[in-house]
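Results of the structural survey
Listed below are the residues making up each chain.
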Amino acid sequence: MEFDTKTPPYLTSDKSSFAYVSARDRWPVIITQAIDDLYRSVSECEEPEKQNEGKKIIEELARLKYELQHDRQLTPIRDDGAADVAIYNRELEQLGTPSWFNVPWLFSECYLYRRLNTSFSLSKHWKTYDVFYRQKIKTFRSSRPAVIELAARYKDLVTQIKNDGNSTSAEHDEAEKILFLEMCEICLWGNATDLSLLTSLTYEDIQKLQGSEARKAAEKNILVNDLGATYDVLKKAKSEGKKERRVDIVLDNAGFELYVDLILAGFLLSSGLATLVVLHPKSIPWFVSDVLPADFAALLNALVNPKQFYETPSDDEKLQDKIPSALSDKDAAELGFLFQEWSQMYAEGQLILRPNRFWTYPGSYWRLPSVEKSLYEDLKSSEVVIFKGDLNYRKLTGDAAWDPSTPFTEAIGPLGPGSGVNVLALRTCKADVVVGLKPGQDEELLATEGGGGDSGARKWAWSGKWAVVSFSEGK
Ligand code: F6P
Ligand code: MG
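Residues numbered from 1 in each chain as written. Chains lettered and ligands numbered in written order. Predicted model: local features only at pLDDT ≥ 70, side-chain atom pairs only at ≥ 80, totals over all residues. Heavy atoms only, no water.

**Some words on the overall build of the chain**
When helices and strands are tallied, the chain shows 20 helices and seven strands. Since a compact globule built from 475 residues should have a radius of gyration of about 23 Å, the 22 Å found for the chain is in line with a globular shape. With respect to the principal axes defined by its C-alpha atoms, the chain has extents near 65 × 55 × 45 Å. For the chain, the residues scored as buried account for 59% of the 475 residues in total. Considering only intrachain contacts with a sequence separation of at least 6, the fraction spanning at least 24 residues in the chain is 81%. (Helix = DSSP H or I, 4+ residues; strand = E, 2+ residues; numbered from the N terminus. Rg over C-alpha atoms; globule rule 2.2 N^0.38 Å. Buried < 20%, exposed > 50% of the residue type's maximum accessible area, 1.4 Å probe, protein only. Contact = heavy atoms within 4.5 Å.)

**Focus: the coordination of the magnesium ion (ligand 2)**
Put simply, the ideal angle at a metal is 109.5 degrees for four donors in tetrahedral geometry and 90 or 180 degrees for six donors in octahedral geometry. In this structure, D252 (OD), N253 (OD1) and D290 (OD) serve as the protein donors to the magnesium ion (ligand 2), at separations of 2.1 to 2.2 Å. For D252, a relative accessible area of 5% corresponds to the buried category. Relative accessible area serves as the criterion here: at 2%, D290 is assigned to the buried category. (Donors = N, O, S within 2.8 Å, 3.2 Å for Na, K, Ca; no water.)

**Quick look at the packing of aromatic side chains**
Each aromatic ring pair is characterised by the separation of its centres together with the angle its planes make. Scanning the entire structure with this criterion turns up 29 aromatic pairs. Measuring from ring centre to ring centre gives 5.5 Å for F358 and W359, while their planes differ by 70°; the resulting arrangement is edge-to-face. For the pair shown, F358 and W359 are each scored as buried. Linked through ring pairs, F140, Y154, F256, Y259, F309, Y310 and W342 together constitute an aromatic cluster. Note that K50 overlies the ring of W126, its terminal NZ or CZ placed 4.7 Å from the centroid. Taking the ring centre of F337 as reference, the NZ or CZ of K155 above it sits at 5.7 Å. (Phe/Tyr/Trp six-rings, centres within 6.5 Å; stacked < 30°, edge-to-face > 60°. Lys NZ or Arg CZ within 6 Å of the ring centre and 35° of its normal.)

**Considerations on the sheet that holds strand β7 (residues 467-472)**
Spatially, the seven strands line up as an open sheet ordered β1-β7-β6-β5-β2-β3-β4, and their pairing is mixed. Either end of the sheet is taken by a strand with one partner, and the two such strands are β1 (222-225) and β4 (351-353). Put simply, the sheet's adjacent strands are angled 15° from each other on average, direction ignored. Here six bridges tie strand β6 (residues 423-428) to β7, and the two strands are oriented antiparallel to one another. If you follow L424 over to β7, its bridge partner there is F471. (Pairing = 2+ DSSP bridges. Axes fitted to C-alpha atoms, helices over the stretch in contact; angles between N-to-C directions.)

**Focus on the domain arrangement of the chain**
Many structure descriptions define interface size as the accessible area lost when the parts assemble. In terms of domain boundaries, the chain breaks down into domain 1 (18-131) and domain 2 (142-472). Taking the mean C-alpha position of each, domain 1 and domain 2 sit 28 Å from one another. Between domain 1 and domain 2, the residue contacts involve 23 residues of the former and 26 residues of the latter. Regarding the contact of domain 1 and domain 2, the summed buried area is about 2,200 Å², with carbon and sulfur atoms giving 62% of it. Per-residue buried area on domain 1 facing domain 2 is highest for F18, L106 and Y113; these three make up 31% of the total on that side. At the junction of domain 1 with domain 2, the criterion picks out four salt bridges. In this assembly, domain 1 and domain 2 are joined by six residue pairs in polar contact (both at pLDDT 80 or more). Counting only elements with at least two residues in the side of domain 1 that touches domain 2, the list comes to α1 (18-44), α3 (84-94) and α4 (105-121). (Domains from an automatic or database assignment. Buried area = accessible area lost by both parts, 1.4 Å probe. Salt bridge = Lys/Arg side-chain N within 4 Å of Asp/Glu carboxyl O. Polar contact = N/O pair within 3.5 Å; in protein donor to acceptor, adjacent residues only side chain to side chain.)

**Concerning the packing of helix α6 (residues 144-164) against helix α15 (residues 329-347)**
Running from N to C, α6 and α15 cross one another at 60°; their axes reach a closest spacing of 9 Å. Considering the angle they form, α6 stands oblique to α15. The hand of the α6/α15 crossing is left-handed. Of the residues in α15, those in contact with V147, I148, A151, A152, Y154, K155, V158 and K162 of α6 are D331, E334, L335, F337, L338, E341, W342 and M345. Residues belonging to the contact of α6 with α15 are distributed by class as follows: eleven nonpolar, no polar and five charged. (Parallel < 35°, antiparallel > 145°, perpendicular 65-115°, else oblique. Left-handed = near helix turned anticlockwise from the far one by under 90°. Nonpolar A, V, L, I, M, F, W, Y, C, P; charged D, E, K, R; others polar.)

**Overview of the side chain of R141**
Relative to the helices and strands, R141 is located in helix α5 (residues 133-142). R141 gets classed as buried once you look at its relative accessible area, which sits at 17%. At 3.0 Å, the side chain of R141 and the backbone oxygen of F309 are in polar contact. Ignoring anything within four residues of it in the chain, the contact list for R141 reads F309, Y310, T312, P313, S314, E317 and P324.

**Let's talk about unusual backbone geometry**
What is expected of a backbone is that most residues other than glycine have negative phi and most peptide bonds are trans. A positive phi angle, near 65°, is found at V288, a position not held by glycine. Along the polypeptide, V288 turns up in the loop between β3 (276-280) and α12 (293-304). Its identity is not glycine, yet D321 carries a phi of approximately 55°, on the positive side. Inspection of the secondary structure assignment puts D321 in the loop between α14 (315-319) and α15. The exposure class assigned to D321 is exposed, which follows from its relative accessible area of 71%.

**Remarks on the confidence of the model for the chain**
In low-pLDDT segments, the atomic positions of the prediction should not be examined closely. Per-residue pLDDT for the chain averages 93, and the proportion of residues at 70 or more is 94%. A low-confidence stretch, residues 195-201 (pLDDT under 50), is modelled with 23 contacts involving residues beyond four sequence positions or located in other chains. (pLDDT = per-residue confidence, 0-100.)

**Details of the site of ligand 1**
Looking at ligand 1, there are 14 residues lining it, with R26, D390, L391, R394 and K430 nearest. A distance of 2.5 Å separates an oxygen atom of ligand 1 from a polar atom in the side chain of R26. Here ligand 1 loses 100% of its free accessible area of 390 Å² to cover by the protein chains. Ranked by residues supplied to the shell around ligand 1, first place goes to helix α18 (residues 389-396) with four residues. Among the residues forming the shell around ligand 1, the class breakdown is three nonpolar, four polar and seven charged. Both domain 1 (18-131) and domain 2 (142-472) contribute no fewer than three residues apiece to the shell around ligand 1. (Near = heavy atom within 4 Å. Areas by Shrake-Rupley, 256 points an atom, 1.4 Å probe, with all protein chains shown as cover.)

This is the structure:
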């Protein structure tokens, strides 16, 4: 595409990249999990017409898996009436209708989820069915210890902020900055737990990643940390008394990550570092765990009656005769406090959900200013646009094989300096692309145990253990 970076993209044919590992090992598992989920819903379904249609979708998903595993050509996306069909198919044609193991990674992975989606969108009874919903809610429920720990922390914090009033002392400012850094770090590491990686991580691994001790220990794993500069931008807008101070969050995953995103959003609003937070969810089931508007509603529903959410046995628990432990009154009250706060912010229009189909297009964000002008203009009104997670980072940088010491501001091309958009990426590394490192830093990481050595594979960057927090001042 004319607006893309000229640096070559990662390809599924490159055996040393995570693109190849993803296509070969992870995608078939993800499709199989989708089939299992649908199979379960079809068996529970009592309407014969709906059941038959569900069976047809299962066959389509099985065919998709077959085509992937047998390296068949990618077929055009069937027309389900959405405007992006032409975008996907035009690009497919420009790529010369490639096969699964010889195609840009970013395009093919987006195509995979869009293609899955057509099986549902073209149906009569399963149009809005989210084949990943069960996994998302199950993982959120299993992150109970960290959810409770953070709820208590959040309540303390908001109560302190409220008692502190409008103090402008130096200590107040210092405390505000420290809290901002802490909230952003919580929000960052919440991204280490996305479900598409669950094919290699256990629930126990995920729980370990979520606690506060784990977070402190992981601070040294943030390779680039521009949070100080980001805070200065927000602080300046606040001190200047700017009336509307908006922060946008381009969301990534539902469940625990959305929960920590809301912790950050709530903190920004309570502290006055923002007066409005705009959340950008996806519009179709995406990369397994990404947030759909319904996931936002499901999270608030869980918090409105936390005892019911945590104490009602799940289907798996019923099968194993397990009874979940009771939630204490104190824990329930703290979760209830979150519900009060967030639902009030939502009701008062300080917290807004704003979906846009652009987020599930196949291309990188290099295309944003030319392809989706109104969204681009809208983002310019924000003090800071926070892009969460790995996929957003891949899209910002064009998922291209940059030299890792390339400045972030250069790698994001048209969204860099002069774009009018202040961009902050909060990303735990789960793919090959990385920029903004110091010269020699990549080599040091490659030399660590399991880091990839001289195999040509940047393995250290695949596991979610390391992170980059990069800021580009665009105004
Ligand atoms: O690396 C695994 C992977 O599924 C990538 O394909 C994708 O970029 C990413 O994880 C999704 O992670 P996130 O939810 O952080 O965007
Ligand atoms: Mg995701």
